[in-house]
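Observations on the three-dimensional arrangement
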Amino acid sequence: MEEFAALIDALVYTRSRNAKLALIADYLRATPDPDRGWALAALTDGMDFKAVKSSTIRNLMKERVDPILWSLSRDFVGDTAETASLLWPEPSSDVEAPPGVAEAVALLGAMTRTTVLTELPMMLDRLDPSGRYALLKLATGAMRIGISARLGKVAFAQAFDVSVDEVEEYWHALQPPYAELFAWAAGGAAPPETENLPLFRPFMLAHPLEDAQVSMDDYAAEWKWDGIRVQLVHVANENGGETRLYSRSGDDISATFPELLDALAIPAVLDGELLVRGSTQGGVQNDRTQGGAASFNALQQRLGRKTVSKKMLSEAPAFVRLYDALAIEGEDLRTLPWSDRRGHLERFIPRLPDSHFDLSQIVEAGDFDQLAEIRASARDDAIEGLMLKRRDAPYVAGRKAGMWYKWKRDPLLIDCVLMYAQRGSGKRSSFYSDYTFGCWNGDPDAGAELLPVGKAYSGFTDEELKKIDRHVRQNTLNRFGPVRETDKSLVFEVAFDSVHQSKRHKSGLAMRFPRIHRIRWDKPAHEADRMTALEALIRD
Amino acid sequence: MIADFSWIRPEPHGIHVVPADCWIDPSRAVDKALVTHGHADHARGGHGQTIATPETLGIMKLRYATDEGATSVSYGETIRLPGNVDATYIPAGHVLGSAQILLEHAGEKVIVTGDYKRRADPTCLPFEVTPCDILITEATFGLPLFVHPPIAEEVGKLLKALHDNPECCVLVGAYALGKAQRVIAELRAAGHRAPIYLHGAMERMCRLYEEFGVELGDLRLVADHDKEAMRGAIVVCPPSALNDRWSRRLPDPITAMASGWMRVRQRARQRNVELPLIISDHADWGELTRTIEEVNPHESWITHGREEALLRWCQLHQRRARALAMVGYDDEDD
């Protein structure tokens, strides 16, 4: 655990990507199995211990530290694991040597909600503050130290001089501590077996188009549907076949959308947008659509659930609008140009049930200007903008320059007043970086009040963050723990993709993806927008 | 007479000693100021009269280029202020010249600690525990998570980084008044005799320390030397210069910062620090609470920093305390 803790600390303080890769690669080479495999799983977010949650740590700390002192400390540090690692009382008697990573994983995995309350403290007693930090980060499954899963895999590939694409390919067939992966890369063994496994293939992603223009001879355009990007994989095997649904990050979300699993019975790997049936939105552009897709708001009700009720299945049935085919009946199509893959997909789709699949139609435009006009006229809630795909591009993992572009539609804008600010966490700990803002429920000069309409924590630069932080500190009316109520004098121009009716919010409205567009230091608060302006933008 | 301490009033812009009509560490210009130490947030310019230790007055003269209205008072010396108020300056152990100010009036004793620490520091006299009725204490590091490790450990980390990376230089961000000189003096005490290179903004303060008898060894200016000469050397600069264009003239610098805030990882990350050194000139949580216990005042008034947590500690230990709302004291660089 000491070496792993030292690695985590070094990664926290290292800025350059290459230096981070070198640190991880050195660790992976120097550390024996299975410790290094578990460490790699921790770095790539592969760990989940059911008994250890952030709330477990909070509860343990509140037995050892005055709850008010704990809260004030947690608020200052902005990270529960780090605060606990610093405040954990040093044991008074001799303790066992620190556990290794594999031992720590075994102990954590064996804990239950009850035993964790005695066993986790015994482990923490065996560690110094850095070790406690590493252990708690590992145990709660959220390292948040600026290392993406991808970076961990690249470091692995670099450590043993193997291809990262191969690592990605095998990754999803294996479980931590990845013994077969190390045996192959470090020990020269045969590659892991992946035949007939419903593996996730890394998604091909798009760059923002920004101000660029492309020729419609080279690129095809599609709508960018406002659901979640999914990959649906079916393999045939001795049990009759298996289907899995993966999210963009490679998480297995099959259990959340069981209705899709039976719908694909032919071996294939398909890329598409998961949507739920709803009003007729999206139907106009899509002649195979059975009534169209509902807005993201409707889909959101179904996300993140481990089980689904019958009622939900009938009220908001899911379907996939297909974009691409990576493999069909054992044939890997990824090296083919997009136009060929599209041909395969169009021939394949009649073999799928209409109820659960349709095809994302190509948006026909003679030239780029015409495409721009089509984009400008689209105000459908299920459409986020356009995708531009190079006709001769193969399907490759990640974002490759010049192949795919996303051209989001222009956001909606509204002027709101800053009402509350909360301290951020992670790299923004101690800065007031999460803002709740509101609109007037009438004429502010005639006594109208602000109603909170949304929350945002992005869209500003680090310099702007410092200025807003200073504004919050100097214009505080009230403090509620980590939250400050401000004097409601600062106006934000807030950008957002859409706005919906919502019973969860006091204002009755919920914005989709609000972010700070501009800070209007110059604008008096009473000139900010009223609720009526926001309500006029609802398209539900 | 009933002890009511109405003669001393905390105001947002400083502590007002009413019968003497003078202010302690006022954050705006006043007729008569008592100044605890030379950091800019405590020692502002433009007062009619400034009463402080000779070292603090020397620091202020360096900064404001004038010593008009300066009245010097040595450690242990008591001066009589108007309205029958006596003021005594007592070492605070924070930086060169730093003082607690003991105020006595009508049989009541009030101490304003200013900023202080309880650890040994080769550049200034140690804090002296003095009994009083009201202790007005700082709380910059007033959270239980702040535990400053022994400075020898942190200096050891710095020397190890230097030793392990002979092709680089280690750039240490340190407050130009106090922290920089303490780090240099501690490096010397640890046996590091090599030249130490200074950012231009550090030079005059280091010279002033030397005039007051603090030996800092072979100091050189970055501006006078070639990039190559600084390989394998320690360079000291103000924290603001760490990520500045200025540091590009250095040979492959490893960025270090000497500050109590380095205890929190994300604080170090926010400043792009690669080598955090937990070195502070303020009292840590243990020192703050121990000092309240040892001074054992009738009541503690808490200011500058994380007042709420220290206030809570006082409640838990059945000690009378209140938090003051003062503005303009900012020790983010400590």
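Just so it is clear, the model here is predicted, and its values are computed rather than measured.

**A look at the confidence of the model for chain A**
Summary statistics for chain A give a mean pLDDT of 89 and a share of 96% for residues scoring 70 or more. Predicted confidence in chain A is weakest over helix H13 (residues 296–300) of chain A, with a mean pLDDT of 77, and strongest over helix H15 (residues 338–348) of chain A, with 97.

**Considerations on the interface of chain A and chain B**
On the side of chain B, 25 residues touch chain A, which itself brings 27 residues to the contact. Across the chain A to chain B interface the summed buried area is about 2500 Å²; carbon plus sulfur atoms make up 57%. Area buried by chain A at its contact with chain B is led by Tyr13, Arg15 and Phe76 of chain A, which between them contribute 30% of it. Linking chain A with chain B are four salt bridges. The residue Arg15 of chain A makes a salt bridge to Glu274 of chain B at a minimum N-O spacing of 3.2 Å. Where chain A touches chain B, the interface holds six residue pairs in polar contact (both at pLDDT 80 or more). The dominant element in the side of chain A that touches chain B, judged by the number of residues it contributes, is helix H5 (residues 67–77) of chain A, at six residues. Tallied by class, residues from the side of chain A that touches chain B come to twelve nonpolar, seven polar and eight charged.

**Some thoughts on the pattern of salt bridges**
All names here are of chain A. Using the criterion set out here, one finds 55 salt bridges over all chains in the structure. For the salt bridge of Arg126 with Glu103, the shortest nitrogen-to-oxygen distance reads 3.3 Å. One end of the pair, Arg126, is in the loop between helix H8 (116–125) and helix H9 (129–140); the other, Glu103, is in helix H7 (residues 101–110), and 23 residues separate them in sequence. Residue classification places Arg126 among the buried positions, given a relative accessible area of 12%. A salt bridge links Asp522 to Arg520; the shortest N-O distance between them is 3.1 Å. In this structure Asp522 comes out as exposed when scored by relative accessible area, which is 57%.

Procedures and definitions
Residues numbered from 1 in each chain as written. Chains lettered and ligands numbered in written order. Predicted model: local features only at pLDDT ≥ 70, side-chain atom pairs only at ≥ 80, totals over all residues. Heavy atoms only, no water. pLDDT = per-residue confidence, 0-100. Helix = DSSP H or I, 4+ residues; strand = E, 2+ residues; numbered from the N terminus. Contact = heavy atoms within 4.5 Å. Buried area = accessible area lost by both parts, 1.4 Å probe. Salt bridge = Lys/Arg side-chain N within 4 Å of Asp/Glu carboxyl O. Polar contact = N/O pair within 3.5 Å; in protein donor to acceptor, adjacent residues only side chain to side chain. Nonpolar A, V, L, I, M, F, W, Y, C, P; charged D, E, K, R; others polar. Buried < 20%, exposed > 50% of the residue type's maximum accessible area, 1.4 Å probe, protein only.

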